[in-house]
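Architecture at a glance
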Amino acid sequence: MNTGTTTTPATRTYVPIPRRLDFDALAPVFSRAVSALDDGATAELDRAGIDAQLREFVRLRASQLNGCAYCVDVHTAAARDAGATDQRVHAVAIWEDSPFFTARERAALALTESVTRLSETHVPSSVVTGALAEFSEEETAALIALVIAINTWNAIGVATRCWSPQPKGD
């Protein structure tokens, strides 16, 4: 029976995802090297003039495909901070069926998916050609560097669960 009132729980009890390994503490030299790899990719993106929203869409899509909860959380927020609307951020997961992305963004997301699924796709020429139709060679190389960097972070995060997203106010 509906009394016309709604109630919400005073507190939610979320299920914690336990850390498997403190990767940063256990492999600090490698962790710093991955950070340097990411810094290098970012420098290439800066040099090529790739905008912040597109960077975050690429990072978010790779993280979604790889199932890295921490990276999905971080790059969802970063995309919003870069000016992306909630509608576009949510649609990254279904970008191929969404009208909210430009041809340039679609080419970058297709490249992201293909490189992220490397063992399945072997990155066909058509995907690279599609990227090169929208981006210069320098821009395409910078995007590939970014995809490689985020996939490296995702592999660490998924394998070790060393970082955990924290619930924000609901």
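Above: the structure in question.
Quick caveat: nothing in here was measured; it's all calculated off a predicted structure. (Residues numbered from 1 in each chain as written. Predicted model: local features only at pLDDT ≥ 70, side-chain atom pairs only at ≥ 80, totals over all residues. Heavy atoms only, no water.)

1. Topic: the nonpolar core
Counting residues in each nonpolar core, the largest one holds 17 residues, and the members touching the most others are Ile 50, Val 58, Phe 135 and Leu 143. If you list the elements that add at least two residues to this core, you get α2 (28-48), α3 (52-66), α6 (103-116), α8 (125-134) and α9 (137-160). Among residues more than four places away in sequence, those in contact with Val 58 are Ala 108, Leu 109, Thr 112, Leu 143, Leu 146 and Val 147. (Core = buried A, V, L, I, M, F, W, Y, C linked by side-chain atoms within 4.5 Å. Buried < 20%, exposed > 50% of the residue type's maximum accessible area, 1.4 Å probe, protein only. Helix = DSSP H or I, 4+ residues; strand = E, 2+ residues; numbered from the N terminus. Contact = heavy atoms within 4.5 Å.)

2. Looking at unusual backbone geometry
Its identity is not glycine, yet His 122 carries a phi of approximately 55°, on the positive side. When you line up the elements, His 122 lands in the loop between α7 (118-121) and α8. For His 122, a relative accessible area of 62% translates into the label exposed. A positive phi angle, near 45°, is found at Val 123, a position not held by glycine. Mapped onto the fold, Val 123 is located in the loop between α7 and α8.

3. Section: the packing of α3 against helix α4 (residues 69-81)
Contact geometry for α3 and α4: axes closest at 9 Å, N-to-C directions at 160°. Taken together, the axis directions place α3 and α4 in an arrangement best described as roughly antiparallel. The two elements α3 and α4 meet at a crossing, and its hand is left-handed. Between α3 and α4, the contacting residues are Gln 53, Glu 56, Phe 57, Arg 59, Leu 60, Ser 63 and Gln 64 on the first element and Cys 71, Val 72, His 75, Thr 76, Ala 78 and Ala 79 on the second. For the contact of α3 with α4, the per-class residue count stands at six nonpolar, five polar and two charged. (Axes fitted to C-alpha atoms, helices over the stretch in contact; angles between N-to-C directions. Parallel < 35°, antiparallel > 145°, perpendicular 65-115°, else oblique. Left-handed = near helix turned anticlockwise from the far one by under 90°. Nonpolar A, V, L, I, M, F, W, Y, C, P; charged D, E, K, R; others polar.)

4. Details of the packing of aromatic side chains
Remark: the centre distance and the inter-plane angle together describe each pair of aromatic rings, the angle taken between the planes. Going through the model one piece at a time under the given rule, you end up with four aromatic pairs. With a centroid separation of 6.0 Å and an interplanar angle of 85°, the aromatic rings of Phe 23 and Phe 30 are classed as edge-to-face. For the ring pair Tyr 70 and Trp 163, a centre distance of 5.9 Å and an interplane angle of 40° mean the geometry is tilted. Of the two residues, Tyr 70 sits in helix α4 while Trp 163 sits in the segment after α9, which places them 93 residues apart along the sequence. (Phe/Tyr/Trp six-rings, centres within 6.5 Å; stacked < 30°, edge-to-face > 60°.)

5. Let's talk about α6
Given a rise of 1.5 Å per residue, 14 residues ought to cover 20 Å, and the 20 Å separating the end C-alpha atoms of α6 matches this to within 8%. Most of α6 sits out of view: ten of its 14 residues are buried. Residues of α6 that are buried: Glu 105, Ala 107, Ala 108, Leu 109, Leu 111, Thr 112, Glu 113, Ser 114, Val 115 and Thr 116. Considering only its buried residues, α6 is in contact with α3, α5 (86-91), α7, α8 and α9. (Expected span 1.5 Å × (residues − 1).)

6. A word on the environment of His 90
In this structure, His 90 sits in helix α5. Judged by relative accessible area, which is 55%, His 90 ranks as exposed. For the pair His 90 and Thr 76, spaced 14 residues apart in sequence, the C-alpha to C-alpha distance is 8.5 Å.

7. Here's the deal with α2
Here α2 is 21 residues long and its end C-alpha atoms lie 30 Å apart, about the 30 Å a rise of 1.5 Å per residue gives. Among the residues of α2, Ser 31, Val 34, Asp 38, Ala 41, Leu 45 and Ala 48 are the ones counted as buried. Taken end-on, α2 shows its buried residues confined to a sector of 105°, consistent with a single buried face. More than 90 degrees from the buried face of α2, the exposed residues found are Val 29, Arg 32, Asp 39 and Arg 47. In the core, the buried residues of α2 are packed alongside α1 (23-26), α3 and α9. One or two steps after α2, the chain reaches Gly 49, where phi turns positive at roughly 75°. (Arc of directions from axis to C-beta.)

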